[in-house]
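Working through the structure, step by step
These are the residues of each chain, in order.
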Amino acid sequence: MMRALTRTNFHSSRLVRVLADLAVVDGRAPDGDFAEKLGLWVKFTDAIALSAVHNASTASLPDTPAGAQSACRLALSEAYARVRANLVNSITRRGLFDADRTRMEPPSPEPGADMEDATTYEPYRRNYLAQQRDIELKVRPLRIHVREVLGQSSPALRKLATLDAALDAILSERESKLFSTIPALLEKRFHQLRSAHQQALVETLQAGKPGAQMQPAGWLAGFEQELQTVLLAELDVRLQPTLGLIEAFNLNSTTTQHHINV
């Protein structure tokens, strides 16, 4: 079943809330209207292109049989669910090292070495970047496919697909730059947790209870879970445009079928 869109504005996205909860970004609402902020991302030439797409006339299309529309709705929903499930499984999977991806776990220390000194953020950075590439490689073709389906539907959906393609071309570079900052934000969180753990070790030793020392796996396991939570939130943001297109297609098909029945 398709999930309904619940986000009312960009700032309230799950990704922003998760990063704010981890204290790596400012959780306060931004100053200014969202449309005004978005306008800063659009160049003058881009605005002209968008206006041309918006004002372009759309030729009528042959009516699609109700059965074909229903099958198409099901196919798009299944494609979306399949891609999302595959990526969620990849993000949350635990096991041995994959041949093409570094698992999210700290390197093994040398015998006699201090575990705290051996624990670095680099394996986590590599894994996060690999997951981001995987998301991009799977989400982009799905979005393009959904646009193609809409382009063969009603004139209104064809215009929507064209607008989505234009906005994607305009905003994709800026979005990629923003997503690329997330690993650095998570590194900040990594060092916060590591410092807190080291301080707890010092306090434990000072209290004369060396046997009660916290194990490094505790805070590292917590950090790995946070990493997965951020990745899942990023996945939802990246899938949002595609989900919106599919829901627009479903709504248009349902409305058309209703008019036919009436």
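If you're wondering where the values come from, they're calculated on a predicted model, not measured in any experiment.

**So, the pattern of salt bridges**
On inspection of all chains with the given rule, the structure shows 15 salt bridges. Where aspartate 168 meets arginine 147, a salt bridge forms, and the shortest distance between an N and an O atom there is 3.6 Å. One end of the pair, aspartate 168, is in helix α7 (residues 155-180); the other, arginine 147, is in helix α6 (residues 122-151), and 21 residues separate them in sequence. Each member of the pair, aspartate 168 as well as arginine 147, carries the same accessibility label: buried. The closest approach of N and O atoms between arginine 189 and glutamate 226, which form a salt bridge, is 2.7 Å.

**A short note on α7**
End to end, α7 covers 36 Å across 26 residues, agreeing with the expected 38 Å (1.5 Å per residue, within 8%). Along α7, the largest kink reaches about 45 degrees and is centred on leucine 171. Of all the positions in α7, only Leu157, Ala161, Asp164, Ala166, Asp168, Ile170, Leu171 and Phe179 are classed as buried.

**Describing the nonpolar core**
Ranked by internal contacts, the top residues of the largest apolar core, which has 41 residues, are Leu186 and Val230. When contributions to this core are tallied by element, the ones reaching two or more residues are α1 (14-21), α4 (66-92), α6, α7, α8 (182-206) and α9 (216-261). Per-element accounting of this core gives the leading share, 14 residues, to α9. When residues no more than four places from it in sequence are discounted, the contact partners of valine 230 are Leu15, Val18, Leu19, Leu22, Tyr128, Ile182 and Leu186.

**Here's the deal with α1**
Among the residues making up α1, those that are buried are Leu15, Val16, Val18 and Leu19. Down the axis of α1, the buried side of the element spans an arc of 165 degrees, and every buried residue falls inside it. The first or second residue beyond α1 is alanine 23, which carries a positive phi of 65 degrees.

**Let's talk about unusual backbone geometry**
In most cases, non-glycine residues show a negative phi, while peptide bonds are predominantly trans. Positive phi outside glycine occurs at alanine 23, with the angle close to 65 degrees. Mapped onto the secondary structure, alanine 23 falls in the loop between α1 and α2 (34-39).

**A short note on the packing of aromatic side chains**
Pairs of aromatic rings are described using the distance from one ring centre to the other and the angle between the two planes. Under the defined criterion, the tally for this structure stands at seven aromatic pairs. Taken together, the aromatic side chains of Tyr121, Tyr124, Phe190, Trp219 and Phe223 make up a single cluster linked through ring pairs. A cation sits over an aromatic face here: arginine 238 above phenylalanine 179, 4.0 Å from the ring centre.

**What to know about the environment of glutamine 228**
With respect to the element layout, glutamine 228 can be found in helix α9. Taking the C-alpha atoms as reference points, glutamine 228 and valine 88, 140 residues apart in sequence, are found 9.3 Å from one another.

**Considerations on the confidence of the model for the protein**
The share of residues in the protein with pLDDT of 70 or more is 61%, and the mean pLDDT across the chain is 76. In this model residues 1-10 is a low-confidence stretch, pLDDT under 50, and it forms 20 contacts with partners more than four residues away in sequence or in other chains. Scored below 50 in pLDDT, residues 258-262 makes zero contacts in the model with residues more than four places away or belonging to other chains.

**Section: the packing of α6 against α7**
Following both chains from N to C, one finds α6 and α7 inclined at 165 degrees, their axes separated by 8 Å at the closest point. Judged on the interaxial angle alone, α7 and α6 are roughly antiparallel. Crossing angle aside, the handedness with which α6 passes α7 is left-handed. The residues of α7 that touch α6, namely those facing Gln132, Arg140, Arg143, Arg147, Leu150 and Gly151, are Leu157, Arg158, Leu160, Ala161, Asp164, Ala165, Asp168, Ser172 and Phe179. Broken down by class, the residue content of the contact of α6 with α7 amounts to six nonpolar, three polar and six charged.

Calculation rules
- Residues numbered from 1 in each chain as written.
- Predicted model: local features only at pLDDT ≥ 70, side-chain atom pairs only at ≥ 80, totals over all residues.
- Heavy atoms only, no water.
- Salt bridge = Lys/Arg side-chain N within 4 Å of Asp/Glu carboxyl O.
- Helix = DSSP H or I, 4+ residues; strand = E, 2+ residues; numbered from the N terminus.
- Buried < 20%, exposed > 50% of the residue type's maximum accessible area, 1.4 Å probe, protein only.
- Expected span 1.5 Å × (residues − 1).
- Bend = angle between axes of the 7 residues up to and from the residue.
- Core = buried A, V, L, I, M, F, W, Y, C linked by side-chain atoms within 4.5 Å.
- Contact = heavy atoms within 4.5 Å.
- Arc of directions from axis to C-beta.
- Phe/Tyr/Trp six-rings, centres within 6.5 Å; stacked < 30°, edge-to-face > 60°.
- Lys NZ or Arg CZ within 6 Å of the ring centre and 35° of its normal.
- pLDDT = per-residue confidence, 0-100.
- Axes fitted to C-alpha atoms, helices over the stretch in contact; angles between N-to-C directions.
- Parallel < 35°, antiparallel > 145°, perpendicular 65-115°, else oblique.
- Left-handed = near helix turned anticlockwise from the far one by under 90°.
- Nonpolar A, V, L, I, M, F, W, Y, C, P; charged D, E, K, R; others polar.

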